[in-house]
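# An overview of the molecular structure
As a plain string of letters, each chain reads:
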Amino acid sequence: MRPDLGDDGMQLLMQTLSQRLVQGRQRAVLLDFSGVMLLDHHEFRQVCKLADVCRLLGAICLLVGLNAGIAAFLALAEAQPGQLRCFIDMDDSFYDQRSIIKNSINLLWNQ
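Residues numbered from 1 in each chain as written. Predicted model: local features only at pLDDT ≥ 70, side-chain atom pairs only at ≥ 80, totals over all residues. Heavy atoms only, no water.

### Side note on unusual backbone geometry
With a phi angle near 55°, E78 is a residue other than glycine that sits in the positive phi range. Counting through the fold element by element, E78 comes out in the loop between helix 3 (68-76) and strand 3 (84-87). (Helix = DSSP H or I, 4+ residues; strand = E, 2+ residues; numbered from the N terminus.)

Below you can see the structure in the form of structure tokens.
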């Protein structure tokens with residue numbers, strides 16, 4: 001994720017991502033924030049809106065690599081992630097998704 005998108009860039013990202021989700025039927029969107037050094041509350045709300053759009057189009061949105069300073073700031077600002085799932089790194093997010101798939105299969109198998 002580019003750290004300097006701004007409102008116009010975020011709007012373009014949301015439109016482009018929406019189109020791709022509708023056309024390709026992806027089930028997950030992974031946003032890599034490891035290169036983002038600053039993120040304010042407004043920008044985080046924009047990312048959460050992006051996650052809401054993904055959810056409405058049938059995909060989950062995973063945010064990975066948020067640095068500790070931004071995480072602490074957002075927690076102090078009482079920012080709510082909504083539909084956005086946050087992970088320390090990509091391995092952690094992949095492990096979580098594999099666990100969800102495995103549990104879903106087990107539930108279906110046991111019915």
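### Here we look at the sheet that holds strand 3
Backbone-to-backbone hydrogen bonds join strands into a sheet, with any given pair of strands oriented parallel or antiparallel. The three strands are arranged 1-2-3 in an open sheet whose pairing can be described as parallel. Both edges of this open sheet fall to strand 1 (28-32) and strand 3, since each of them pairs with a single strand only. Neighbouring strand axes in the sheet, compared pairwise and without regard to direction, differ in orientation by 25° on average. Looking at chain direction, strand 1 and strand 2 (residues 60-64) are connected through five bridges and run parallel. (Pairing = 2+ DSSP bridges. Axes fitted to C-alpha atoms, helices over the stretch in contact; angles between N-to-C directions.)

### Section: the environment of Q97
Topologically, Q97 is positioned in helix 4 (residues 90-109). Sequence spacing of Q97 and A28 is 69 residues, and the spatial spacing of their C-alpha atoms is 9.4 Å. Setting aside residues no more than four positions away along its own chain, Q97 makes contact with I60, L62 and R85. (Contact = heavy atoms within 4.5 Å.)

### Some words on the side chain of S18
Along the polypeptide, S18 turns up in helix 1 (residues 6-24). Taking the relative accessible area as the measure of exposure, S18 reaches 18% and is therefore buried. Filtering out sequence-adjacent residues up to four positions away, S18 remains in contact with V53 and L57. (Buried < 20%, exposed > 50% of the residue type's maximum accessible area, 1.4 Å probe, protein only.)

### Considering the confidence of the model for the chain
Detailed reading of the predicted coordinates is not advisable wherever pLDDT falls low. Looking at the chain as a whole, the pLDDT averages 85, with 86% of positions reaching at least 70. Across the chain, the element-wise mean pLDDT spans from 74 in helix 4 up to 93 in helix 3. (pLDDT = per-residue confidence, 0-100.)

### Concerning the side chain of Q46
Note that Q46 resides in helix 2 (residues 41-56). Excluding anything up to four places from it in sequence, Q46 contacts D7, M10 and M14.

### A word on a negative patch on the surface
Taken together, the side chains of D7, D8, D40 and E43 present a region of like negative charge at the surface. In this fold, D40 is placed in the loop between strand 1 and helix 2. Residue D40 is classed as partly exposed on the basis of its relative accessible area, which comes to 36%. (Patch = residues over 30% accessible without salt bridge, like charges linked within 9 Å, V, L, I, M, F, W, Y side chains within 5 Å. Areas by Shrake-Rupley, 256 points an atom, 1.4 Å probe, with all protein chains shown as cover. Salt bridge = Lys/Arg side-chain N within 4 Å of Asp/Glu carboxyl O. Lys, Arg positive; Asp, Glu negative; His and termini not counted. Charge placed at Lys NZ, Arg CZ, Asp CG, Glu CD.)

### Overview of the environment of L5
Here L5 lies in the segment before helix 1. Along the chain, L5 and E43 lie 38 residues apart, while their C-alpha atoms are 9.3 Å from each other.

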